[in-house]
Amino acid sequence: MLAHPVDLDVTGYGVRHSSAQASVVHYNFMPRLLRGLERAVLVWVVAIPLMFIPFLAILVLPAAIGLSVYLIYSRMHAPDVARACKGTCPDCGFEQAFDLPLKFELPLDVECARCNRELRLEEHHFAN
Ligand SMILES: [Zn+2]
């Protein structure tokens, strides 16, 4: 699983734009399934000891099942995962590392850490 760089354009409220670069890893079917199962196993490692506490089993069992299904589902539907994304805010010029969701799908809305304006990451098509 080697990460490959992806060039992105960052747009804000104004007409100005800036650039960003994300490091994206692509997972095939089996690695995605294994990633989901890894997370589900962690849930059950925590949940199984809690089930021996009286009355807590009533809450823990459905929560563990639901969380396991959610974790496997979310990993299975995230073929591209961004490890890091660095860029510059086009409005205030602050260089930062953007927080990205699990699933890397463009266009992506992020927030500037300094001016708190909403920014949009899109495929690179502007000439800088
Ligand atoms: Zn900003």
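In this text, all values refer to a predicted model and were calculated from it rather than measured experimentally. (Residues numbered from 1 in each chain as written. Predicted model: local features only at pLDDT ≥ 70, side-chain atom pairs only at ≥ 80, totals over all residues.)

Draft legend 1. Here's a closer look at the packing of helix α1 (residues 29-50) against helix α2 (residues 57-76). Relative to each other, α1 and α2 sit at 165°, their axes nearing to 8 Å. Viewed along their axes, α1 and α2 adopt a mutual orientation that is roughly antiparallel. In the crossing of α1 with α2, the sense of the turn from one axis to the other is right-handed. When α1 is examined against α2, the residues R32, L33, R35, G36, L37, R39, A40, V43, W44, A47 and L50 are found in contact with a partner set consisting of V60, A64, L67, S68, L71, I72, R75 and M76. Taken together, the residues of the contact of α1 with α2 sort by class into 13 nonpolar, two polar and four charged. (Axes fitted to C-alpha atoms, helices over the stretch in contact; angles between N-to-C directions. Helix = DSSP H or I, 4+ residues; strand = E, 2+ residues; numbered from the N terminus. Parallel < 35°, antiparallel > 145°, perpendicular 65-115°, else oblique. Left-handed = near helix turned anticlockwise from the far one by under 90°. Contact = placed C-beta atoms within 7 Å. Nonpolar A, V, L, I, M, F, W, Y, C, P; charged D, E, K, R; others polar.)

Draft legend 2. The arrangement of unusual backbone geometry in detail. Residues L106 and P107 are joined by a peptide bond in cis, for which omega reads -5°. Along the chain, P107 turns up in the loop between β4 (95-97) and β5 (108-111). Phi is positive for F55, which is not a glycine, with a value near 70°. With respect to the helices and strands, F55 occurs in the loop between α1 and α2. Backbone geometry places N116, a non-glycine residue, at a positive phi of 60°. With respect to the helices and strands, N116 occurs in the loop between β5 and β6 (118-123). Classification of N116 as exposed rests on a count of 9 C-beta atoms within 10 Å. (Buried ≥ 20, exposed ≤ 12 C-beta atoms within 10 Å, placed from the backbone.)

Draft legend 3. Inspection of the nonpolar core at higher detail. Membership of the largest hydrophobic core comes to 14 residues, with the highest contact counts inside it found for A20, L119 and L121. The set of elements that each furnish at least two residues to this core consists of β1 (4-11), β2 (17-26), β3 (80-88) and β6. Among the elements that take part in this core, β3 stands out by supplying three residues, more than any other. What L121 contacts, discounting residues up to four positions off in sequence, is L8, V10, A20, L106, P107, L108 and V110. (Core = buried A, V, L, I, M, F, W, Y, C linked by C-beta atoms within 7 Å.)

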